[in-house]
Every structure is written in C-alpha cells, then in structure tokens.
Amino acid sequence: MWTPRLIEGARMKYLGIVDALEADIRSGRVAHGERLPAQRAIAETLGVDLTTVTRAFNEARRRGLVSAQAGRGTFISETQHGAPAENVHPLIDLSMNIPPQPSDADFGRLIPDMLKEILSSPTGLLHLHYQESTGAEPDRAAAARWLGARADGLTPDRIVVSAGAQCALYAICDLLLKQGDIVAAGAMTYPGLKAVAIQKGFSIAPLAMDSDGILPDAFEKACRDRNVRLLYVIPSIDNPTTATLPQERRRSLAEIARRHEVIIVEDDPYAALLPDPTPPISAFAPDITWHIATLSKCATPALRIAYVAAPSDHAARRLASVLRATMLMAPPLMSALASRWIASGMLDEITRFIRAENKARQKIAATALANLDFAADRHGHHLWLRLPGRWRASDFAEHADRAGVSIVPATAFATVAHPVEAVRISLGVAPDRDLLEEGLVLLAGLIDQPSLGIKAIV
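Predicted model only: the values in this text are computed from it and were never measured. (Residues numbered from 1 in each chain as written. Predicted model: local features only at pLDDT ≥ 70, side-chain atom pairs only at ≥ 80, totals over all residues. Heavy atoms only, no water.)

K.L.:
So what exactly am I meant to see when it comes to the sheet that holds strand β17 (residues 422–426) here?
P.N.:
Spatial strand order, β13-β14-β17-β16: four strands in an open sheet with antiparallel pairing. Pairing within the sheet leaves two strands with one partner each, and these edge strands are β13 (373–376) and β16 (408–409). In terms of strand pairing, β13 meets strand β14 (residues 382–386) through four bridges, oriented antiparallel. Each residue of the ladder has a partner; that of Ala-376, found in β14, is Leu-383. (Pairing = 2+ DSSP bridges. Helix = DSSP H or I, 4+ residues; strand = E, 2+ residues; numbered from the N terminus.)

K.L.:
Please explain unusual backbone geometry as it appears in this structure.
P.N.:
Note on backbone geometry: most residues besides glycine have negative phi, and most peptide bonds are trans. Look at the link from Asn-239 to Pro-240: it is a cis peptide, with omega at 20°. Residue placement: Pro-240 occurs in the loop between β9 (228–233) and α9 (247–259). Even without a glycine there, the phi angle at Glu-261 is positive, about 60°. Mapping Glu-261 onto the fold places it in the loop between α9 and β10 (263–267). Glu-261 sits in the exposed class, given a relative accessible area of 70%. (Buried < 20%, exposed > 50% of the residue type's maximum accessible area, 1.4 Å probe, protein only.)

K.L.:
It is not clear to me how empty space enclosed by the protein should be interpreted in this structure. Could you clarify?
P.N.:
A probe matching the size of a water molecule, rolled over the atoms, marks out where space remains unfilled. Applying the stated criterion across every chain, the model contains three cavities of 30 Å³ or more. In this model, the largest cavity occupies a volume close to 70 Å³. Around the largest cavity sit Gly-186, Met-188, Thr-189, Met-209, Gly-213, Ile-214, Tyr-232, Val-233, Ile-234, Asp-238, Ala-243 and Leu-245, which together line it. When contributions to the lining of the largest cavity are tallied by element, the ones reaching two or more residues are β8 (213–214) and β9. Across the lining of the largest cavity, the residue classes tally to eight nonpolar, three polar and one charged. (1 Å grid on protein atoms, 1.4 Å probe; cavity = no way out; pocket = protein on both sides within 12 Å on 5 of 7 lines; lining within 4 Å. Points joined across faces, edges and corners; volume = space filled by probe spheres on them. Nonpolar A, V, L, I, M, F, W, Y, C, P; charged D, E, K, R; others polar.)

K.L.:
What's the story with the pattern of salt bridges in this structure? I'm lost.
P.N.:
Close approach of charged atoms lets side chains of opposite charge pair. Going through the model one piece at a time under the given rule, you end up with 21 salt bridges. In this structure, the salt-bridge partner of Lys-178 is Asp-181, at a minimum N-O distance of 3.3 Å. Overall, Lys-178 belongs to the exposed group, its relative accessible area being 56%. Accessibility expressed as a relative area gives 11% for Asp-181, which makes it buried. The partner of Asp-210 in a salt bridge is Arg-249, and the shortest N-O contact between them spans 2.8 Å. Taken together, the positions of Asp-210 in strand β7 (residues 209–210) and Arg-249 in helix α9 put the pair 39 residues apart, joining distant regions of the chain. Using a relative accessible area of 14% as the deciding quantity, one classes Arg-249 as buried. Here the residues in one salt-bridge network are Asp-19, Glu-22, Arg-26, Glu-59 and Arg-63, joined through shared partners. (Salt bridge = Lys/Arg side-chain N within 4 Å of Asp/Glu carboxyl O.)

None of the figures reported here should be taken as evidence of function without further support.
Okay, structure coming up:
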C-alpha cells in the first residue's frame, strides 16, 4: 500500500500529494491495482485537512492515475501509464435530488420480478396496449386509495395518471394559462416551474418566504397588486428551502386564493416521507386545487409515475386531453407496477426505508456541517445551506465542482433578481454514507477557506 507523502514546493498542498503519488507510480514504488489508504488516514499522516486530500484524489482521477469504486475505495489505475480522464464529472454528486435507493439484491430484483408477474397474469398483455390518457381505471383506483391518506373523499374519476410530475405540471399550465399570465410562487421555487414559464410565456411573481414557507400576507399583496392567475406551492419539505407549511398557513393560502379567484397547483412530492403529514391545501379547497403526487421522491424516479388529483372529474378529463396531445399516456407497465406496489404495501415499505435512510444521512450532515447555517427536515433528502457573507453561491458551487462535489446554487431556484446566497445539497444520490460524508466534509472545508471566498467576491 502506498506510503503517503507530499512533494515540497508544490503550488498547492493537494497538488503536492498528487505529484508524489504520480512519481511513485512511475518509479514502480506502488503497483497498478493497489488500493490507496483511506483519505482520512492520509490526512492524518500528512497533517493536512480532509478537504486537501479529497481534492488530491479528484485531481489524481482526472490524470487517470486512480479509479474510485463505490463502497470499496480508490485504486491505482490498472493501465501502465494512466490515461487522463476527459470531461470528468465530479466524484461526489450532491446535486440530483433523488431518494437513496436500497442497494440489496432483493430490491434489484423487485422491479423485473413484479413486471414478470404482471405480464404473466390472465390480463397481463393488456398492459402492452394503448390506454386511456387519464390512466387505466385500476391504476386510478389504486392512486385514489394511496392519496386517500392525505385527503378524504377522493374518487378515481378525479385522478389522472401522468408520466412524472414535471409532465403533469406542464400539462396543467398548458390547460389553465395563456401567454402573459402571472403565476405566484415562492422567492425560491422548483426549477421545473421556471422551465415551464419560459416555454409557455407566463411570468412568475415572487412571494416572500420565512422558515415556514410562503407568507400569506405576501400572497395577499400580490393578488391585490397584480392579476395573479395561479399559485404554485410545494407545501411539504419545500424544494429547495426544506420548509413545511403549517396547517393554518395552508388554510390561509386557500382562503386568499378563493377570495381572489386564483387557482392553486399543489406540487407535493415529499409529503409521503413525513410520518405525520399535515393535511394538504387541497383538503381546504378541493374545488380550486390541482394536487400533484409523484413516486419519484418516495420510491424511485425510474417509474416516471405521478398522480394528479383534479378539482373535478370534468377537470380531470380536460387535463387528459392535454396529455393526449403531448405524451398520449403514462407508461402502462410502470403504472401497473406502481398499482401493484400500492396494493401489496410494497410502496409503503420502500418509503419507510427511504425515510429511515434520510434520517441517517441528515444526521451525518448535521455533524459535518455543525458550525454552518443550514435548514433541513430530517425526513427529507436535501438541505439548504446558507453561505457566509464572503461567498457568492455560484462561485462556491464552482469551487466545489472543481474540488469534486456537485451542488446547486440558489440562482437555479430564484424567482427574484438578487437571491439569498445559498446552495441546495442533496443527500440521496450518493451511493453510500461514507462517500456522502466525504463530500460534506469537503464542502465544510471549502467554506472555511477564507481566501477562496474573498477571491470569489473580488
């Protein structure tokens, strides 16, 4: 195993580590295929911080000297000289906001085994045919049962099955809005809404937020000052701020919307992660609310299945007409798989795993970022890190990317011209907890390097 050393006189310490490793590989002191010591052990041996070693590992990978194997460690490249890696993505991705996925073999077989079971049933081949754009009746009935835990009285004829929440959001906006309309949303909101706004030509009126989410007074003022057509809100574990609207605030938003004849789109992908979810806004104003619920955050994004609870059966059919013109139908096999998971309790089991893993990862984050200012919900798989005054979010994200960690700056979510300097960090996409901890420690180390922040602002 390589004996860590550092070449003196290097421009930066992490380059001194990489140069020493490369020299030892060329001279034959370390063999191809050998495993490197753990990063923390190298840091202790050399008397440097873990951030420096992580940056060194990333640079070594860029040079083609080493390769990282998730869950096993980092190894010297098997090639004789090592080929520089072109367009290398960051080693640790904390940008994609997906839930942690079970890694055991049973979960890996779950989807193909259940698809085989569905197709081998007496009516299995029907799932290979075209279906109604609202979704097959059994799938809508399964969705109504699943969503019944959030709102009473939901019937299958009000449900539309969609190929993911983004598709549903686009279709709803296409149905309800015209060019020039105004949509009210939080000062920080889901980038997917911003993308739809660009495509459809409507504008977004930013609403002030606090630690509990959108402020009702800000919504009231926007309705008085501007002709707001629609309110878009993520009520539970908001993306990106992690705020969850209290029940009274949900009720207030619903009352304001009704008073000003504003439609509500309630995008609620994270509610299933909460063990005791607050009643949705649709429970207070079902006749003016379009409720979107996806399986992407409580199971897996691979299914591409989301459900829309429309204000009425007539509204559901109108939405289906838009979906018919765009995607035609949700994938029938995946819809049937989701229905089977709901009926068997498998969806609840997967969600419980994700919730528990999220709590474990949030605990790691709380330790790694202990001295920093961030917001998080322990049941969710992202957090909102507010940066010290010397940092701009875009500059910090760029420095993090160079060091080997990918995160998302506030500008991606902002509906205001001058957003707060913050970044969203997603905890679920890292393949294991050790890699997640390395990424978080690296980020904390970057924040503590004042010369970088000062240089970034100058």
